[in-house]
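Chain by chain, the residues run as shown.
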Amino acid sequence: MEPTIVRYPIPGNEAGGLLHIYGDPKAAKNVVFYCGGWPDGVEPFTPLARRLAAPSAEGSDGCFVGITCWPGFDEASYLQSKFRGFRRRGFTFDEVTRCIREAAKQLFAEYYKASDGEERAKPQFTVIFHDFGVVTGLMFVNRSLEEECFTEHVPDRIVLLDILLGPHPKCRDKPRDIASYTPREKLVYLAYRGTNAASFTLMRYVSESVGLFVFGMLWSVVSLLGLGPLRPIDGMLLKQRRMNPFHMLYTFYPYHYLFRAMLGNTSRIDLAHAHLPLDLVRTPVLFLYGTEKNVMFHDHRSFAILEREERENKSNCRIVKVEGAGHWMYCQRPEVCEREIRDFLRSGINTDDESRSGNPQSKL
């Protein structure tokens, strides 16, 4: 199954965005949109996208699936145009959120193009996000829900892969005896994220060679102290990709903007809307995470909230632990991820007026 390739505008480049589309729009009743994070282009998710786009053995219809990535993360596009096509400073979280909006717009344009002007029922819209894609993805979702003019394509369901951000600021029932992250998790996060942020900053303001040299030195220290977040199951996968080292350095720009927001105390502005939705009945969340990691990448408060939602049957939210997989569980256990996502797509969605306006019993 070969993709339909669509280019869309990003800041500074009218054709810098890359969208790969799989599936038959005439037969599909579900539109699925994926955006990953560091350091992925569109290729890592492609095998699972093809599986979701094809009818399942159990008789489920195929989905209409679009895959995009952060600007400049597709290695072929980056090496071809580099800083002529992608800003040397990278892209802010807000800019990437708007890129996701544009990609989703293009995906729906391709979906409706196949109808030849005939009216058709509105498809269910499911978004899937991984790594830094979770940050900008949830920013897109929450802005779609809370700002009427932001987009006409409001997601119905959310699938989060291995990264789970904190609860909505207006959450009324947050677990009070659970910390967001453990002290060791915070130390590991600081070590590897700080290494990546510093390396990109030096690449941007000094030179690529200096940035790469410092990255090698700092990462050696992180590894020696046992502060790396990933285990060999993920390390082997990264080695197999054989990324161009200078392109890998460029893909560190989200870490640069993350630390800039933290150090400048502007997280509430730069990362506004990067949290779970408020109404989990209206927009349920499926969270899948791999067990083979040195630290978990989920906010423990949000994890407890989703567990409670599932246990008490308040919404269609679910948590799935994927054994024998790490950060890239959709590459390591694609059959499990496909099954869980398809089950989630089949789960009911409350579209009555009460749930859409927000049943107080179902809100966090």
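Source: prediction; values computed, not measured.

1. Description of the side chain of Asp-234
- For Asp-234, the position within the fold is in helix 7 (residues 232–241).
- The side chain of Asp-234 is buried and forms no salt bridge, while Lys-293, the nearest opposite charge, is found at 6.8 Å.
- A distance of 2.8 Å separates a polar atom in the side chain of Asp-234 from a polar atom in the side chain of Gln-332.
- Excluding residues within four positions of it along the chain, Asp-234 makes contact with Glu-292, Lys-293, Gly-326, His-327, Trp-328 and Gln-332.

2. Considering the packing of aromatic side chains
- Taken as a whole and judged by the stated rule, the model has 32 aromatic pairs.
- When the ring of Tyr-111 is compared with that of Tyr-112, the centres are 5.2 Å apart and the planes differ by 80 degrees; the resulting orientation is edge-to-face.
- Residue Tyr-111 is classed as buried on the basis of its relative accessible area, which comes to 2%.
- In this structure, Arg-193 is placed above the aromatic ring of Tyr-189, and the distance from its NZ or CZ to the ring centre is 4.6 Å.
- One residue, Arg-241, lies across the ring of Trp-328, its end atom 5.1 Å from the ring centre.

3. Details of the environment of Asn-244
- With respect to the helices, strands and loops of the structure, Asn-244 is situated in the loop between helix 7 and helix 8 (245–250).
- A residue is classified by how much of its surface remains accessible, and Asn-244, at 26% relative accessible area, is partly exposed.
- Side-chain polar atoms of Asn-244 contact the backbone nitrogen of Phe-246, separated by 2.9 Å.

4. Remarks on helix 5 (residues 183–205)
- Over its 23 residues, helix 5 extends 32 Å from the first C-alpha to the last, a length consistent with the 33 Å expected when each residue adds 1.5 Å.
- Along helix 5, the residues classified as buried are Glu-185, Val-188, Tyr-189, Ala-191, Tyr-192, Thr-195, Asn-196, Ala-197, Ser-199, Phe-200 and Met-203.
- Against the buried residues of helix 5 lie helix 2 (75–85), helix 6 (208–224), helix 8, helix 9 (253–263) and helix 11 (300–311).

5. Notes on the confidence of the model for the protein chain
- Per-residue confidence for the protein chain gives a mean pLDDT of 92; residues scoring 70 or more make up 95%.
- Taken as a whole, residues 350–364 scores under 50 in pLDDT and shows 31 contacts with residues more than four places along the chain or in a different chain.

6. Overview of the pattern of salt bridges
- Overall, the coordinates contain 21 salt bridges when judged by the stated rule.
- A salt bridge links Arg-87 to Glu-95, with the shortest nitrogen-to-oxygen separation between them at 2.6 Å.
- A residue is classified by how much of its surface remains accessible, and Arg-87, at 29% relative accessible area, is partly exposed.
- Its relative accessible area of 14% is what places Glu-95 among the buried residues.
- Arg-143 is paired through a salt bridge with Asp-94; the nearest N and O atoms lie 3.2 Å apart. Of this pair, Arg-143 sits in helix 4 (residues 132–146) while Asp-94 is found in helix 3 (residues 93–113), placing the two residues 49 residues apart along the sequence.
- Overall, the relative accessible area of 30% leaves Asp-94 in the partly exposed class.
- Taken together, the shared-partner salt bridges in this structure form one network comprising Asp-94, Arg-98, Arg-143 and Glu-147.

7. A few points about the sheet that holds strand 8 (residues 318–322)
- Across the sheet, eight strands lie side by side as 1-2-4-3-5-6-7-8; this open sheet has mixed pairing. For this open sheet the edge positions go to strand 1 (4–10) and strand 8, each flanked by a neighbour on one side alone. Strand-to-strand twist of the sheet, defined as the mean angle between neighbouring strand axes without regard to direction, takes the value 20 degrees.
- Direction of pairing for strand 3 (residues 30–35) relative to strand 5 (residues 124–130): parallel, over a ladder of six bridges. Considered in strand 5, the bridge of Val-32 is made with Thr-126.
- Across the sheet, helix 11 lies against strand 7 (285–290) and strand 8, angled at about 115 degrees from strand 8, the strand it touches most.

What counts, and at which threshold
- Residues numbered from 1 in each chain as written.
- Predicted model: local features only at pLDDT ≥ 70, side-chain atom pairs only at ≥ 80, totals over all residues.
- Heavy atoms only, no water.
- Helix = DSSP H or I, 4+ residues; strand = E, 2+ residues; numbered from the N terminus.
- Buried < 20%, exposed > 50% of the residue type's maximum accessible area, 1.4 Å probe, protein only.
- Lys, Arg positive; Asp, Glu negative; His and termini not counted.
- Salt bridge = Lys/Arg side-chain N within 4 Å of Asp/Glu carboxyl O.
- Polar contact = N/O pair within 3.5 Å; in protein donor to acceptor, adjacent residues only side chain to side chain.
- Contact = heavy atoms within 4.5 Å.
- Phe/Tyr/Trp six-rings, centres within 6.5 Å; stacked < 30°, edge-to-face > 60°.
- Lys NZ or Arg CZ within 6 Å of the ring centre and 35° of its normal.
- Expected span 1.5 Å × (residues − 1).
- pLDDT = per-residue confidence, 0-100.
- Pairing = 2+ DSSP bridges.
- Axes fitted to C-alpha atoms, helices over the stretch in contact; angles between N-to-C directions.

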